[in-house]
Amino acid sequence: MKDLFAQAKELDAADPLAEFRDRFVISPAAAPQKDLIYLDGNSLGRLPKATRERMRTALDDEWGAELVRGWDHWITLAREAGDALATGVLGVDPGEALLCDTASINLYKLAEAACDARPGRTVIITDDDNFPSDQYVLQGVAQRRGLRLEVIRADLDRGTTTEDVAAAIARCAPDSVALISLQHVAYRSGNVADMVAVTRLAHDAGALVLWDLCHSAGAVPTPLREAAADLAVGCTYKHLNGGPGAPGFLYVRGDLHEQLRQPIWGWFGQTDQFAMGFDYRPVPAIERFQVSTTPVLAGYAALEGIRVTQAAGMDRIWAKTRAMGAYAEQLFDAWLAPHGLELASPRGDRGAHITLHHPAAWQLCQAWKAAGVIPDFRTPDRLRIGFAPLYTTFAEIHEGFARLRTIVESRSYEAFPVERSRVT
Ligand SMILES: Cc1ncc(COP(=O)(O)O)c(C=O)c1O
């Protein structure tokens, strides 16, 4: 086998996205250690340089100088960012996506709208590997509406399969399923669901399907159009590099807009909003899923992040996501599996992270951070290691895994506390 370091060098040299790293702030000033290796872009992406500049002009030239007159152009920001997302990231038509609220709030709005559109149906299907916020939102929707939640018991390391979904539908009475809501890329294992096959199953059952794209957007192509998927939500602070707490987004297939009504009737969804009329008449377009005033500063930050992804192109991003995952798998097999770490992700294609299991994962996580590498810890006993296609290098993956090997070989992690901090 070719030397693993030589492989990293070759892969970096041949990386068509290599120049994108320079579009991000990667300064020693931003890091406590000079040689910090950031493997957590799937929680919070790095700061694009363009965003820093955009924030300055948004503050000085727009808010500072234009004052309320800025609304003449801010009024379309949610749609402008939605269109950039639709065409540059999600592969759908302009007018099918909108930047607004957060992933969880958008999930609530679309789940309610979907259930309203399937009156008389009594079941929502999800899985117990779904992101907790999604589970809670769906539990709340089901409880309030008197529906039953059919929960697929997923294998945490393999994720929910198409067969699992088919079996769940088969357990329900005919014509009873209103909605199926799942992650496209599983937040824990990185498993990629077969969106096309699952959507087909949902449609065959007469249900609508609602995808969580938080870990896909900007890392993995989303075949929403090919699948004729109905609904989706996501966030922009992970692989879209929109900044901490950046707004979320929603997608609604074009032909569904006028059939669906979301539960929070706000003035940003109203026809002729500034007529200030009494009766709610939602616009016959994606903006009917907006509720409130657009968060302009955060929205600009999200838009700049989306534009970097758009410039790189999802084809090239997906090729690098796959290559980084395959390279990390090799390092895991050669260096970490012999020391008791186990793969907690599917082999082959995944989202842009790999997850490893070890009984002392929390201590390993802290020891790794102390050695200048930032991963995530996820329950139960898992290290989640993210590779950001736009700025992670293969050499960084090599060096990061080498530091982890030293930690497990020397058992230096045993000196770190077993009690977890509030944020993991
Ligand atoms: C897969 C997934 N879904 C939903 C959420 C919730 O996002 P938000 O807090 O923006 O609503 C997250 C947050 O990390 C996530 O990873």
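Just so you know, these numbers come straight off a predicted model, no measurement behind them. Within every chain, residues take consecutive numbers counted from 1 along the sequence as written. Since the coordinates come from a predicted model, pLDDT governs what is reported: local features require at least 70, and pairs of side-chain atoms require 80 or more to be given and counted, while whole-chain, interface and lining totals use all residues. With hydrogens and water set aside, each side-chain value is computed from the structure's full complement of heavy atoms.

Engineer: Help me understand the sheet that holds strand 4 (residues 148-152) in this model?
Structural biologist: Paired through their backbone hydrogen bonds, the strands of a sheet run either parallel or antiparallel. One requirement defines pairing of two strands: DSSP has to find at least two bridges between them. For the purposes of this entry, the term helix denotes a DSSP run of H or I that reaches at least four residues, the term strand denotes a run of E that reaches at least two, and both are numbered from the N terminus. Strands sit in the order 2-8-7-6-5-3-4 across an open sheet of seven strands; the sheet is mixed. Strand pairing shows two members of the sheet lacking a second neighbour, strand 2 (97-99) and strand 4, which therefore form its edges. Each adjacent strand pair in this sheet contributes to an overall mean axis angle of 15 degrees, direction not counted. Where strand 2 and strand 8 (residues 248-252) come together, three bridges link them in antiparallel fashion. Residue pairing in the sheet places Ala 97 in a bridge with Tyr 251 of strand 8. To get an axis, a line is fitted to the C-alpha atoms, and for a helix only the part in contact is used. The angle between two axes follows their N-to-C directions and goes from 0 to 180 degrees.

Engineer: Which parts of the structure should I look at to understand the site of the ligand?
Structural biologist: Near the ligand you find Thr 102, Ala 103, Ser 104, Phe 131, Asp 134, Gln 183, Asp 212, Cys 214, His 215, Tyr 237 and Lys 238, and these make up its full shell. Contacts described as polar in this section are N or O atom pairs within 3.5 Å, which, within protein, must combine one atom able to donate a hydrogen with one able to accept it, while residues neighboring in sequence count only if both atoms come from side chains. Lys 238 has a polar side-chain atom sitting 2.9 Å from an oxygen atom of the ligand. Exposure was quantified through the Shrake-Rupley algorithm and a 1.4 Å probe, taking into account, for residues, occlusion by the shown protein chains and nothing else. Out of a free accessible area of 400 Å², the ligand has 84% covered by protein chains. Throughout, the ten residues Ala, Val, Leu, Ile, Met, Phe, Trp, Tyr, Cys and Pro are labelled nonpolar, Asp, Glu, Lys and Arg are labelled charged, and all others, Gly among them, are labelled polar. Here the shell around the ligand is composed, by residue class, of four nonpolar, four polar and three charged. In this text, near means that some heavy atom of the residue lies within 4 Å of the molecule or strand in question.

Engineer: I tried to follow the environment of Gly 340 on my own but got confused; where do I start?
Structural biologist: Secondary-structure assignment places Gly 340 in the loop between helix 11 (314-336) and strand 9 (342-343). Throughout this description, buried means an accessible area under 20% of the type-specific maximum (1.4 Å probe, protein chains only), exposed means over 50%, and partly exposed covers the range between. On the accessibility criterion, Gly 340 (39% relative accessible area) is partly exposed. Dropping the residues within four chain positions of it, Gly 340 is found in contact with His 357 and His 358. Here a residue-residue contact requires only that any non-hydrogen atoms of the pair lie within 4.5 Å.

Engineer: Where do I start with the side chain of His 184 in this structure?
Structural biologist: By the element assignment, His 184 lies in the loop between strand 5 (177-183) and helix 8 (195-204). You can call His 184 buried: its relative accessible area is 2%. Separated by 2.9 Å, the side chains of His 184 and Ser 216 make a polar contact.

Engineer: Just to check I follow, could you spell out the confidence of the model for the chain for this structure?
Structural biologist: Atom-level detail of predicted coordinates should not be read off regions where pLDDT is low. When pLDDT is averaged along the chain, the result is 96; 98% of the residues meet or exceed 70. Every residue carries a pLDDT, the predictor's confidence in it, which falls somewhere between 0 and 100. Mean pLDDT values over the elements of the chain span from 92, in strand 12 (residues 376-378), up to 99, in strand 7 (residues 231-235).

Engineer: I'm lost on helix 1 (residues 4-13) in this one. Help?
Structural biologist: One turn of the α-helix equals 3.6 residues, which is why residues spaced by three or four share an orientation. All buried positions along helix 1 are accounted for by Leu 4, Gln 7, Ala 8 and Asp 12. For helix 1, the buried positions fall inside an angular range of 130 degrees around the axis, keeping them on one side. Elements that come into contact with the buried residues of helix 1 comprise helix 11 and helix 13 (394-410). Here, the arc refers to the directions that run from the helix axis to the C-beta atoms.

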